[in-house]
Amino acid sequence: MTETKTQETQKINEQLASAASTEVIIEFNKVNKWYADFHVLRDINLIVHKGERIVVCGPSGSGKSTLIRCINHLEEHQEGSIVVDGITLNQNLKNIDHIRTEVGMVFQNFNLFPHLTILENLTLGPIWARKMPKADAQANAMKYLERVKIPEQADKFPGQLSGGQQQRVAIARSLCMNPKIMLFDEPTSALDPEMIKEVLDVMVELADTGMTMIVVTHEMNFAKTIADRVIFMDAGDIVEENAPSEFFDNPEHERTKKFLDQIL
Amino acid sequence: MTIIKASPTPALPAPLSETSVIGWMQKNLFSSVFNGLLTIAALYIVYMVVKGMWVWGIADAVWVADSRRECFSINPDGACWAGIFAWVDNIFYGRYPREELWRVNLGILSLFIWMIPLWLPRVKAKISIGLTTVFLYPFLAGYLFSGGDKGIFMQIMLTAAIVCLAGNTIHATIGVFTGRSLPEFLSSLFGKKNVHEKTQRNIFLGIIALSFVSIYVWQMSWSLGGVSWTKWGGLFLTFVVSGIGIASALPLGIILALGRRSKLQVARVLCTSFIELFRSVPLITVLFMATTMFPLFMPEGFVLNRLVQVIIAVCLFNACYMAETVRGGLQTIPRGQFEGAHTVGLGYWQTMGLVIMPQALKHMIPNIVGNFISLLKDTTLVSIIGLFDVLNMLRAIGKDRTWLGLHIEPLVFGALLFFLLCFVMSKYSRHLEEKLSTNQNN
């Protein structure tokens, strides 16, 4: 009974995704970036549609984190253009601040604020950046804490929570800003194995709501279940870009094959 | 074969060396013959020093006498504390007119009254109380200490300070007993419970305005006689210089530190060179520059009083040291905290004020208080350029005709005084650290 129901919702979601997929929300156009002499992104072209779920994988140092950090301008690119939600990223600080309120990000090391309680962590952005009244922000925060299944931890400090709980708080913190896009930078890499699942479950649920997601991860099973597209990067290039079934069963490039052999 | 125990091994009693006094002494003081001898020698030295101090400072000391000669005739081997007692007003207040001492006392007392709410539980809006202390209290104290004719600006600021002091005190009293804030209390007085925030604020502002006007009218009816800064002295002057230094060094230091880390080239170069310039010269040089060189560069007829010059010099000098302390604290904050703040949409000042500074300041408390302590001690340098701070007052005792040659006792007294002040500060910083680290385990 429940299974058919989830299947149905999945179908609806897929329809929604395909219906919405004509709207472009992120566009990379010939983006190049260097760290001093090191050419970290080479001629990146990428289009992400609204509601799409993309998994980015590749060996370490391939530029995948840098790629998604360019989207909310935590990293600056030197050449080419990036357009997010219709706004071109440039030196204009107002644009950057605006885009950061629209793009949520979850980090490998959570980056929660250790001097604030969980609830304060969640309401800081809405109150100060979105100018939301405090009571509304708190009600909203509790709603998202319930969604990540830890409402009882609201008054604790981040240091008192397990890694998995902290990462779920970090996801809730981003969701409180009501973002259009969610970026995940290796969200499970710093977690103990038994905590990975609770975080992935939350992410799968989030994917089911139709959120645009870009996830850098080594969790290939997760990629198989939720991704619309998998992107493989190596040495600053996007080497291969494909639907997950094709990508895993039938990789086109030699480098992709080699990488998959190593991690699967 | 493996042995599996069904129950956990029972705990053994701790060895003697961990629990008894004798065991501890054996382990730490007499672990070998040589260490035993060292311990005995050290104890003997400590005994001799303490005994000497006891005999000179307390057992043989003279507490009541009218002159140093009388001290000598009573007991030539002991300390002559009578001289300190005779000079106690000078040590604390310098040459401040004796009939006006209440003004100094009232000024210092009102600082305490102003700041007590910061330590009380259940009092709301502590940040505004702290800010008013920094921005309004100086006007109240300034007028109490120096008096004279009130200009229109002084009248306004003085009134604001008095209103604020009264408001703070009432607010804190209400807070301690009911846990409510002053605006909430006022609107409930008018029988309006659960009123809208805006009405509450309007009632509050109305009453503040009313009391402002009435106090303004009242303060026009009196004024205090002027006391020239040249009469200020003693511990009072030390407190004025170091108090202003402490209150301004931290905010200035934070601004300089942020400037030094700024992405704006101009701000960075300016702040860096300012910090490096002041840090690379000794305070006494800065003081001489401020009092002798600085007036040379000023247009003719431009006279700043020496005390103000000295205070500005002390503030700038300490702000630079504070800036480096703050910069050190900022460097302990991982980059992820900045990124975390940016991703929830906070701008630069919000990130700094809400996320970075609260964490960095907590790490910096020992260093900040260390800076304050050295600032307090450094203010004794103003005695070299002729201000009669506590050190200069203490040295003046030995030049007084009745107490001629009384040099050691005043300096011992000064040492005790400074030790007490610095020790209290350092203990308080330990307490702050513990208090702040108990509510977050990270």
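Residues numbered from 1 in each chain as written. Chains lettered and ligands numbered in written order. Predicted model: local features only at pLDDT ≥ 70, side-chain atom pairs only at ≥ 80, totals over all residues. Heavy atoms only, no water.

Quick notes on the overall build of chain B
(1) Moving on: Helix and strand content of chain B: 20 helices and zero strands.
(2) Moving on: For 442 residues, the compact-globule formula gives about 22 Å, and the C-alpha radius of gyration of chain B, at 28 Å, lies well above that figure.
(3) Moving on: The C-alpha extent of chain B, read off along each of the three principal axes, is 90 × 80 × 55 Å.
(4) Moving on: Looking at chain B as a whole, 40% of its 442 residues are labelled buried.
(5) Moving on: Here the contacts in chain B between residues at least 6 apart in sequence split such that 67% fall between residues at least 24 apart. (Helix = DSSP H or I, 4+ residues; strand = E, 2+ residues; numbered from the N terminus. Rg over C-alpha atoms; globule rule 2.2 N^0.38 Å. Buried < 20%, exposed > 50% of the residue type's maximum accessible area, 1.4 Å probe, protein only. Contact = heavy atoms within 4.5 Å.)

Considerations on the overall build of chain A
(1) Moving on: Each helix and strand in chain A was counted, giving ten helices and ten strands.
(2) Moving on: Against the 2.2 N^0.38 benchmark of 18 Å for 264 residues, chain A shows a C-alpha radius of gyration of 18 Å, consistent with a compact globule.
(3) Moving on: Counting only C-alpha atoms, chain A reaches 50 × 50 × 35 Å along its principal axes.
(4) Moving on: Across the 264 residues that make up chain A, the buried fraction comes to 52%.
(5) Moving on: Pairs at least 24 residues apart make up 66% of the contacts formed inside chain A by residues separated by at least 6 positions.

Examining helix H11 (residues 182-189) of chain B
(1) Moving on: Looking only at H11 of chain B, the buried set comprises Leu182, Pro183, Leu186, Ser187 and Ser188 of chain B.
(2) Moving on: Next to the buried residues of H11 of chain B lie helix H10 (152-178) and helix H12 (197-219) of chain B.

Digging into the interface of chain B and chain A
(1) Moving on: Opposite the 21 residues of chain B that make contact, chain A presents 25 residues.
(2) Moving on: Between chain B and chain A, a total of about 2,000 Å² is buried, with carbon and sulfur atoms accounting for 59% of that surface.
(3) Moving on: Our enumeration of links across chain B and chain A arrives at two salt bridges.
(4) Moving on: For the salt bridge of Arg335 of chain B with Glu75 of chain A, the shortest nitrogen-to-oxygen distance reads 3.6 Å.
(5) Moving on: Elements with a minimum of two residues in the side of chain B that touches chain A: helix H17 (335-343) and helix H18 (348-378) of chain B.
(6) Moving on: Here the element with the most residues in the side of chain B that touches chain A is H17 of chain B; it accounts for eight residues.
(7) Moving on: Per-class residue counts for the side of chain B that touches chain A are six nonpolar, 13 polar and two charged. (Buried area = accessible area lost by both parts, 1.4 Å probe. Salt bridge = Lys/Arg side-chain N within 4 Å of Asp/Glu carboxyl O. Nonpolar A, V, L, I, M, F, W, Y, C, P; charged D, E, K, R; others polar.)

Focus on the sheet that holds strand E1 (residues 24-35) of chain A
Residue and element names in this part refer to chain A.
(1) Moving on: Across the sheet, which stays open at both edges, the four strands sit in the order E2-E1-E4-E5 with antiparallel pairing between neighbours. Every other strand in the sheet has two partners, leaving strand E2 (38-49) and strand E5 (87-88) as the edge strands with one partner each.
(2) Moving on: The pairing of E1 with E2 spans eight bridges and is classified as antiparallel. Bridge pairing in E2 links Lys33 to Leu41. (Pairing = 2+ DSSP bridges.)

Digging into unusual backbone geometry
Trans is the common state for peptide bonds, and a negative phi is the common state for residues other than glycine.
Residue and element names in this part refer to chain A.
(1) Moving on: The backbone of Ala36 shows a phi angle near 50 degrees, a positive value even though the residue is not glycine.
(2) Moving on: Summarising the element assignment, Ala36 is placed in the loop between E1 and E2.
(3) Moving on: In this structure, Asp85 takes a positive phi of about 50 degrees despite not being glycine.
(4) Moving on: Here Asp85 is to be found in the loop between strand E4 (79-84) and E5.

Quick notes on the sheet that holds strand E10 (residues 237-242) of chain A
All names here are of chain A.
(1) Moving on: Taken in spatial order, the six strands line up as E6-E7-E8-E3-E9-E10 in an open sheet, and their pairing is mixed. What marks the edges here is a single partner per strand, and that holds for strand E6 (103-106) and E10. Here the average twist between neighbouring strands, direction ignored, is 20 degrees.
(2) Moving on: The pairing of strand E9 (residues 229-234) with E10 spans five bridges and is antiparallel. By the bridge assignment for E10, Val230 is matched with Asn242.
(3) Moving on: Each of strand E3 (53-57), E6, strand E7 (181-185), strand E8 (212-216) and E9 touches helix H2 (residues 64-71); the most contacted strand, E7, lies at about 150 degrees to it.
(4) Moving on: With respect to the sheet, helix H3 (residues 93-102) is in contact with E6 and E7, its orientation differing from that of E6 by roughly 65 degrees. (Axes fitted to C-alpha atoms, helices over the stretch in contact; angles between N-to-C directions.)

Some remarks on the packing of aromatic side chains
(1) Moving on: Scanning all chains against the criterion turns up 19 aromatic pairs over all chains.
(2) Moving on: An angle of 75 degrees between the planes, with centres 6.2 Å apart, marks the rings of Trp119 of chain B and Tyr428 of chain B as edge-to-face. With a gap of 309 residues between them, Trp119 of chain B in the loop between helix H7 (101-115) and helix H8 (126-135) and Tyr428 of chain B in helix H20 (residues 408-438) connect regions that are remote in the sequence.
(3) Moving on: Ring geometry for Phe317 of chain B versus Tyr321 of chain B: centroids 5.1 Å apart, planes at 50 degrees, classification tilted. Separated by four residues within a single helix, Phe317 of chain B and Tyr321 of chain B lie in helix H16 (residues 306-331), roughly one turn from each other.
(4) Moving on: Grouping aromatic residues by their ring pairs yields a cluster made of Trp56, Trp63, Trp81 and Phe85 of chain B.
(5) Moving on: Arg173 of chain A extends its terminal NZ or CZ atom over the ring of Phe113 of chain A, reaching a point 4.5 Å from the ring centre.
(6) Moving on: When the ring centre of Phe248 of chain A is taken as reference, the NZ or CZ atom of Lys224 of chain A above it lies at 5.1 Å. (Phe/Tyr/Trp six-rings, centres within 6.5 Å; stacked < 30°, edge-to-face > 60°. Lys NZ or Arg CZ within 6 Å of the ring centre and 35° of its normal.)

Comments concerning the confidence of the model for chain B
(1) Moving on: In the predicted model, chain B carries a mean pLDDT of 87, and the fraction of residues at 70 or more is 96%.
(2) Moving on: Two numbers describe this predicted complex: its pTM, 0.81, and its ipTM, 0.87. (pLDDT = per-residue confidence, 0-100.)

Things to note about the side chain of Gln167 of chain A
(1) Moving on: Along the chain, the position of Gln167 of chain A falls in helix H6 (residues 163-176).
(2) Moving on: Filtering out sequence-adjacent residues up to four positions away, Gln167 of chain A remains in contact with Val106, Phe107, Gln108, Phe110, Pro187 and Val199 of chain A.

Considerations on the pattern of salt bridges
Any two side chains of opposite charge can pair, so long as their charged atoms come close to each other.
(1) Moving on: For the structure shown, the criterion picks out 21 salt bridges over all chains.
(2) Moving on: Residue Glu75 of chain A pairs with Lys33 of chain A through a salt bridge whose shortest N-O separation is 4.0 Å. Taken together, the residues span a long stretch of sequence, with Glu75 of chain A in the loop between H2 and E4 and Lys33 of chain A in strand E1 at a distance of 42 residues. A single burial state applies to Glu75 of chain A and to Lys33 of chain A, both of which are buried.
(3) Moving on: Among the ionic pairs, Glu339 of chain B bridges to Arg69 of chain A, the shortest N-O distance being 2.4 Å. Of this pair, Glu339 of chain B sits in helix H17 while Arg69 of chain A is found in helix H2, placing the two residues in two different chains.
(4) Moving on: A relative accessible area of 9% means that Glu339 of chain B is categorised as buried.
(5) Moving on: A relative accessible area of 10% places Arg69 of chain A in the buried class.
(6) Moving on: In the salt-bridge network here, residues are joined through shared partners; they are Lys33, Arg69 and Glu75 of chain A together with Arg335 and Glu339 of chain B.

A word on helix H14 (residues 265-279) of chain B
Residue and element names in this part refer to chain B.
(1) Moving on: With 15 residues, H14 should reach 21 Å at 1.5 Å per residue; the first-to-last C-alpha distance of 21 Å fits that figure.
(2) Moving on: Regarding H14, the residues found buried are Cys271, Ile275 and Phe278. For H14, the angular spread of buried residues about the axis comes to 75 degrees, placing them on one side. Facing away from the buried side of H14 by over 90 degrees, the exposed positions are Gln265, Val266 and Leu277.
(3) Moving on: If you follow the buried residues of H14, they end up packed against helix H13 (234-260), helix H15 (283-297) and H16. (Expected span 1.5 Å × (residues − 1). Arc of directions from axis to C-beta.)

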